[in-house]
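Analysis of the macromolecular model
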Amino acid sequence: MRVSVFGLGYVGCVSAACLAGKGHEVVGVDVNQVKVDLVNDGKAPVVEERIGELIAEVVDSGALRATRDVRAAIMNSDISLICVGTPSEPNGSLCTTYLERVTEEIGAALAERGGSGGRHTVVFRSTMLPGTCANLLIPILEKYVGGTAGVDFGVAVNPEFLREGTSVRDFFDPPKTVVGELDPASGDAVLALYEGLPGEVFRVPVSTAEAIKYADNAFHGLKIGFANELGAVYRALGVDSHQVMDVFLADRKLNISPAYLRPGFAFGGSCLPKDLRSLVHAAQRADVSVPILSHVLPSNSAHLERAVELVERAGKRRVGLFGLSFKPGTDDLRESPLVELAERLFGKGYDLRIHDANVSLSRLLGANREYVETRLPHLAQLLADSVDEVLAHAEVCLVGTRDPDVLSALPHGGDPLLIDLIHLPDADTRRTEPGYMGLAW
């Protein structure tokens, strides 16, 4: 394919060189004449493993060249990769100045190019927040081109997952390939660039592709901060933190796995909250600052509050709640977030009915019974014997269980309103229906 790559920093330089190495005809575009001259001389404008040799090779073969001329690059390419920087503004917001500028220039060049050269696809590889492409960049392109995105020209978002220092290796052996496609033809054009590369391919909506890079980087930052905070606490307690993490990392079932990484309701139970409190307290006693660990429980509480806010926004007084124990298939109510939710709703004066097939007040014993009598002393009058009893009572229902009897009885159509706390099996269908609200989806 004939490819133009805009921006010859780390991402653009590596993308251009690697695509040329795969046999594509690539022209790199940058406003910096020094970078352009370096590439045309077969030298890398960035310091990176293997990039110097690769650029020398592909420039010598004629597969890669560089220019400052946007018009010439667009006229002689079928697909453009936008790799310009998106730095932070002083207030932390995303700076889109360079994205907007290059999009305007590409749009003007595409208008001049017209349809005689075939459909051109504009691919945004720069990191940008969800909605940037649809709400800012596509309107710019359509204005300058005088046409419709997805019809007169293609648009896609193709985030990169290149680590500085190993980016060439990462390009040829990616963890995944993500294409946010405005239309199937745009997605096909992007995937043709990477034909033959390993790794799973995801074709998703444009906004999902924009969001993925932020999910990745936020989690990477969280992991580093988590490990560093644990290291600081354990050092203060005289424990070898690397030995601890060796054991931690060996657990591929719960720790290094998809476990607990699906958005849902708040966590609770007899272990997680108390152990987090104990660890944070130990850190405080040792004068070790742990901002991440100390904010996990407040974050959990804020997530629970979102459910309360959804009920308040519904504007109804008769509320049903399915589920009460902290984990399905048990009657353990200790520090259950659903008990906390029921307590808050009852305290706010809502007419509440609750059904959990595993919870019977007469069977609760010991610490379990003591907990619920302390937190929800009116539980007996709130419990309903059947799913139908709750549905007959409620104007709005919160679903916090995957009990098959509950799932099969949930109505469609908005009567009662449904607030989904667990991401129901048919959530993707229900979210298009009236009267359905997902907690975080």
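Residues numbered from 1 in each chain as written. Predicted model: local features only at pLDDT ≥ 70, side-chain atom pairs only at ≥ 80, totals over all residues. Heavy atoms only, no water.

**Here we look at the sheet that holds strand β13 (residues 436–438)**
Taken together, five strands build an open sheet; the order of strands is β10-β9-β11-β12-β13 and the sheet is parallel. Each having just a single partner strand, β10 (351–355) and β13 make up the two edges of the open sheet. Strand-to-strand twist in this sheet, taken as the mean axis angle between neighbours without regard to direction, amounts to 20 degrees. Strand direction decides the pairing type here: strand β9 (residues 318–322) and strand β11 (residues 396–399), joined by four bridges, are parallel. Bridge pairing links V319 to V396 in β11. Contacting β9, β10 and β11, helix α14 (residues 337–347) crosses the sheet at an angle of about 170 degrees to β9. (Pairing = 2+ DSSP bridges. Helix = DSSP H or I, 4+ residues; strand = E, 2+ residues; numbered from the N terminus. Axes fitted to C-alpha atoms, helices over the stretch in contact; angles between N-to-C directions. Contact = heavy atoms within 4.5 Å.)

**Details of unusual backbone geometry**
Across the junction of D415 and P416, the peptide omega takes the value 0 degrees, indicating a cis bond. Looking at the element boundaries, P416 is found in the loop between α18 (404–409) and β12 (417–420). Phi is positive for R50, close to 75 degrees, though the residue is something other than glycine. On the secondary structure map, R50 appears in the loop between α2 (33–40) and α3 (51–61). We note that H423 has phi near 65 degrees; this positive angle belongs to a residue other than glycine. Mapped onto the secondary structure, H423 falls in the loop between β12 and α19 (427–430).

**Details of the nonpolar core**
With 48 residues, the main nonpolar core has L324, L341, I354, L398 and L421 as its most contacted residues. When residues in this core are grouped by element, the largest group, six residues, is from helix α13 (residues 296–314). (Core = buried A, V, L, I, M, F, W, Y, C linked by side-chain atoms within 4.5 Å. Buried < 20%, exposed > 50% of the residue type's maximum accessible area, 1.4 Å probe, protein only.)

**Re helix α1 (residues 10–21)**
Here α1 is twelve residues long and its end C-alpha atoms lie 16 Å apart, about the 16 Å a rise of 1.5 Å per residue gives. Counting buried positions along α1 yields nine of twelve residues, so the element is predominantly enclosed. Those residues of α1 that sit buried are G12, C13, V14, S15, A16, A17, C18, L19 and A20. Directly beyond the C-terminal end of α1, a positive phi value near 105 degrees is found at G23. (Expected span 1.5 Å × (residues − 1).)

**Digging into the pairing of strand β2 (residues 25–29)**
Most of β2 sits out of view: four of its five residues are buried. In terms of strand pairing, strand β1 (residues 2–6) meets β2 through five bridges, oriented parallel. Looking at β2, one finds that S4 is bridged to V27. As a crossover connection, the stretch from β1 through α1 into β2 is right-handed. (Right-handed = clockwise from strand over helix to strand, strands pointing away.)

**So, the pattern of salt bridges**
Tallied over the entire structure, the rule returns 18 salt bridges. Note that E112 is salt-bridged to R71, the shortest N-O span being 2.6 Å. On the criterion of sequence distance, the pair formed by E112 in helix α5 (residues 97–113) and R71 in helix α4 (residues 70–75) is long-range, its members being 41 residues apart. R71 gets classed as partly exposed once you look at its relative accessible area, which sits at 43%. In this structure, E181 engages R203 in a salt bridge whose closest nitrogen and oxygen atoms are separated by 2.8 Å. Of this pair, E181 sits in strand β7 (residues 176–181) while R203 sits in strand β8 (residues 200–204); the two residues are 22 residues apart in sequence, bridging distant segments of the chain. Ionic contacts of the salt-bridge type, sharing partners, join the residues E181, D188 and R203 into one network. (Salt bridge = Lys/Arg side-chain N within 4 Å of Asp/Glu carboxyl O.)

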